[in-house]
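# Topology and contacts: notes
So the chains spell out like this:
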Amino acid sequence: MITVSIYRFNPETDEHPHMQDFEFDTVGKDLMVLDVLEKLKVEDPSLVFRRSCREGVCGSDGMNISGKNGLACITPLSEAVRNNKIIIRPLPGLPVIRDLVIDMQQFYAQYEKIEPYMVNDSPAPQIERLQSQEERAKLDGLYECILCACCSTACPSFWWNPEKFIGPSGLLQAYRFLADSRDTSAEERLSKLNDPFSVFRCHGIMNCVQVCPKGLNPTRAIGHIRNMLIRGAT
Amino acid sequence: MNGLTLFFLRSGSNKWLLQRFAAVIVLSYIVFLICVLIIRPEMDYSDWVNLNKAIPMRFFSFLTVLSLSVHAWIGMWCVFTDYITVRLIGPKADFIRKGCILLLTLTAAFYVLWVFKILWSI
Amino acid sequence: MRTLSFDAVIVGGGGSGMRAALQLSQSGYNAAVITKVFPTRSHTVSAQGGITCAIASDDPDDQWQWHMYDTVKGSDFIGDQEAIEYMCSTGPEAVFELEHMGLPFSRTESGRIYQRPFGGQSKDFGKGGQAARTCAAADRTGHALLHTLYQGNLKNKTVFLNEWFAVDLVKNDDSAVVGVIAIDIESGEVVFVKSKATVFATGGAGRIYASTTNAHICTGDGIGMALRAGFPVQDIEMWQFHPTGIAGAGTLVTEGCRGEGGYLINKHGERFMERYAPNAKDLAGRDVVARSMVMEILEGRGCGEAGDHVFLKLDHLGKDILNAKLPGILELSRTFAHADPVVEPIPVVPTCHYMMGGIPTNVNGQALTAAGDGSDKIIEGFYACGEAACVSVHGANRLGGNSLLDLIVFGRASGLFIENALRDGVELREPTKENIESAVAGLNELNSSVGQEQASTLRAELQTIMQNFFGVFRRGDLMRDGIVALQSLKQRIDNVALDDKSMVFNTARIEALELRNLYAVAEATAISAEARTESRGAHARDDFQERDDTNWLCHSMFYPDEKRVGKRNVNFSLKSRKPFEPAVRTY
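Please read these numbers as outputs of a predicted model, since none were measured by experiment. (Residues numbered from 1 in each chain as written. Chains lettered and ligands numbered in written order. Predicted model: local features only at pLDDT ≥ 70, side-chain atom pairs only at ≥ 80, totals over all residues. Heavy atoms only, no water.)

### Things to note about the interface of chain B and chain A
Short version of the rule: Contacts are assigned to residue pairs with any non-hydrogen atoms lying within 4.5 Å of each other. Computed with a 1.4 Å rolling probe, the buried area is the accessible surface lost when two parts are put together, summed over both parts. We define a salt bridge as a side-chain nitrogen of Lys or Arg found within 4 Å of a carboxyl oxygen belonging to Asp or Glu. Side-chain atoms alone can form a polar contact between residues adjacent in sequence; in general such a contact is a pair of N or O atoms within 3.5 Å, and within protein one must be able to donate a hydrogen while the other accepts it.
Listed as interface residues are 18 residues of chain B and, on the opposing side, 18 residues of chain A. Considering only the surface of chain B that becomes buried against chain A, Trp16, Asp82 and Arg87 of chain B emerge as the three largest contributors, covering 39% of it. Our enumeration of links across chain B and chain A arrives at two salt bridges. Inspection of the chain B/chain A interface yields ten residue pairs in polar contact (both at pLDDT 80 or more).

### Observations regarding the packing of aromatic side chains
To keep things clear, this is the line we draw: Ring geometry is summarised as follows: Phe, Tyr and Trp rings, the Trp one being its six-membered ring, pair when their centres sit within 6.5 Å, and such pairs are stacked at plane angles under 30 degrees, edge-to-face over 60 and tilted between the two. For a Lys NZ or an Arg CZ to count as sitting over a ring, it must be within 6 Å of the ring centre and within 35 degrees of the ring normal.
In total, this model carries 27 aromatic pairs over all chains according to the counting rule given. Pairwise contacts between aromatic rings join Phe107 and Tyr108 of chain A together with Phe38, Tyr150 and Phe160 of chain C into one cluster. Over the face of the ring belonging to tyrosine 354 of chain C we find arginine 398 of chain C, whose NZ or CZ atom lies 4.1 Å from the ring centre.

### Observations regarding the confidence of the model for chain B
Low pLDDT means the predicted coordinates in that region are not meant to be read closely. Definition in use: Across the chain, each position has a pLDDT score giving the predictor's confidence in that residue, from 0 to 100.
Averaged over chain B, the pLDDT score is 91; the fraction of residues at 70 or greater is 93%. Model confidence for the complex is summarised by a pTM of 0.96, with the ipTM given as 0.98.

### Observations concerning helix α5 (residues 93–119) of chain B
Condition: Counting from the N terminus, the helices are the DSSP runs of H or I reaching at least four residues and the strands are the DSSP runs of E reaching at least two. Helix span, expected: 1.5 Å multiplied by one less than the number of residues in the helix. Only protein chains enter the area calculation, which uses a 1.4 Å probe; residues under 20% of their type maximum are buried, those over 50% are exposed, and those in between are partly exposed.
Counted at 1.5 Å a residue, the expected span for α5 of chain B with its 27 residues is 39 Å, and the 38 Å between its end C-alpha atoms agrees. Turning to α5 of chain B, its buried residues number three or more, namely Ala93, Arg97, Ile101, Leu104, Ala108, Val112, Val115 and Leu119 of chain B.

### Section: the sheet that holds strand β3 (residues 51–52) of chain C
Residues and elements named next belong to chain C. To keep things clear, this is the line we draw: At least two bridges found by DSSP between two strands are what make those strands a pair.
Here we have three strands laid out as an open sheet, ordered β3-β5-β4, and antiparallel in their pairing. Lying at the two open borders of the sheet, with one neighbouring strand each, are β3 and β4 (115–122). Judged from the two bridges that link them, β3 and strand β5 (residues 130–135) form a sheet pairing that is antiparallel. Each residue of the ladder has a partner; that of threonine 52, found in β5, is threonine 134.

### Let's talk about the packing of helix α3 (residues 81–100) of chain C against helix α11 (residues 402–424) of chain C
Relative placement of two packed helices is described by the angle separating their axes and the distance separating the axes. All names here are of chain C. Rules: Structural elements are reduced to axes, namely lines fitted to C-alpha atoms, with helices fitted over the stretch in contact, and the angle between N-to-C directions of any two is expressed from 0 to 180 degrees. An angle counts as roughly parallel when it lies under 35 degrees, as roughly antiparallel when it exceeds 145, as roughly perpendicular when it falls between 65 and 115, and as oblique in every other case.
Viewed as axis vectors pointing N to C, α3 and α11 meet at an angle of 90°, and their least axial separation amounts to 8 Å. Judged by the angle between their axes, α3 and α11 are roughly perpendicular. For the pair formed by α3 and α11, the contact residues are Ala83, Tyr86, Met87, Thr90, Gly91, Glu93, Ala94, Val95, Glu97 and Leu98 on the first element and Asn402, Leu405, Asp406, Ile408, Val409, Phe410, Arg412 and Ala413 on the second.

In structure tokens:
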């Protein structure tokens, strides 16, 4: 038996959010946190959370699990239960819509701001644009981002300035296009990032690296962008 | 952003570079002084006055204080724009933050002028 | 009720929906995508191995006609050859477009797109040995493709109605489709989304089975809506069981593993596919491999304590290859199977993966029904593409890597056709108040429900029935038992409880609506499967073990109003060559 303590808030009936404790029998199995939530939803259908692929690639079920942001579907209980208790809250720093569901508009807005699409004005060839294996290897560790927002909502700088600081996820994607040999708009991209907030608000706290469920390293990507900006400035 | 930010500093990379450049100057000044004290452990007050009277030394000291205030200004500006925001403390934040930045700027300027006065009155 | 109007509304934000939307917004039309999850959470994201297409990178002499031959053979000859010809010949263009949009394909040494071998692929019409035709972005091709399409749509300013759930189709007095009723999940508001072209790109319904590789969201919403609107579905008995779902968890392990040189072993360590498919071995068609695995398990050669799975062996490929080519699989296996493929095999079992059937369409994505004389009749205003549609390019068994190609080729084709139709002018009669009310009736019924039955319980029972009676192997008497069990479930589903009637992000309401759709798909599957008295492709019957070309070289058509199964001819009319005649299918 473990205690599952879940953040509850229904804007139609609750004035304030509260924590609700459920008792849960794991029958000795090391389930994923999402499995537990699914089973609790059978008991209480009003419990609300997002989920889709249940294998860690769609990025729906980012939440704060015993103090650390992660995906419920690939976080086993053994990693999250302490003293027979697990505490589940929505991702921090963004408005809560209901229970574990947050309003991600601000997060998506920052993603859109970096113009996350390839720009190449030269006429496209009849076949694909060629790219060497070395050039393609530069995209590894960047394109795999699933937009789950675990990193950005773990970042104090993003909590403080979510309108102005792009945040680790958006910057990882910004670098994904800066690093792509097929993209020709690096200069324009950089000039749009060169204010004191978009990139330079990263203080190297590295919470993003610690929580990324895909093992990506946004801080390193931000460092690359910063170096490109500084090279451009000098 | 705000009227107090110089045009040059609207670029994040310039700000970043300037802060680090200033840090290097401050650091080299400290290293220089330590070296002086190690080489001349028997230095007395008149030696000290003579050292600081030298024109290059005056410039070096002045540059260091200038760098220190620039470094501090950028650092504190970051802190103010992180914490004194509408998001964190409500609509009065903009007013308070601008006030703080003004105070910061005046303080930094005051110290720079004061040090200038001291250095050129030795 | 608020009304929103668009030139085109696409229901579903996965690969095919976003490809269709992209086509329309690129050409300046006002297209909206209704999607019940944020687009990049759609199930396309889980596709791993790649997109099969004759781009002649691995083999400069590769021909789309060879790909076409494989696809026809893979379909066990009930794939429409006209559609397969269209898919295989326009495929390269559609794949290059994606690359130009930035899809980060893996590369060959010469800088071209990397292609890996997949099941059922051959050169020279089956005579030239194994081909490598599946274009890959490591083992995250679906993810790369879906994100690229979303990015393309952002660039072209497509309207996204994110986290909106389409409830039912709205038909006008001419039985043309003029839009859908949808719920904005965040606010609970019900809206009539009106459109000159309604495209269903709602994906599959793997969640009708207890064990599936499909995401929680794959509940066959489009099929459910179409059936409730009285439109038929085609070949819905054809469900692909992917050979390698992780035992227990159900998560997918790409066929690319076997493409890269992995193979299946039984408890004696024997590479058993050598017995079942001496030539293609582990790269035979998915239906063939899945059945062979079940045979091994049934005959007592399964692995594990219960002997209920087999092993997929990869360790002989070496750490470097696995890290470079199959990094996602390493992650999944370590997480869900607690097995590190670098040193030990992955426990796998055939798992429901793909719905070959769906809403019958022509190559333009126009949905079809039958006229009085049995000939095809186009449903005005209604389109379908992707897994929800049955064009049909997959027939009785889909080849690996063909689903992503299907998505982009027919998403694009639908978009192109609608673009032209809109340019020529589309006149559909305005829906009456009654038309709209009848579309909202089901939702109102649920909202005023005083039922006692829990949706989650009913869903689990439905999944168990489908798993037990309509799995890899099927038998008439058992299927009839299954149909009876489903019918008794129907009354209880009509009596489903909705205790939580709140508006804001009420996922209990959405799950109850999804349950209606799951049931509709399950029922159509069950009745069609019982009716098809032969074994073909993924439909394997113990009581009719042979393929019956005399009676069943045709599509099944399930008509929901009479719950009747009819037949529809397979298209054998090719533009470029003479059709491939049905032949014995061996690998």
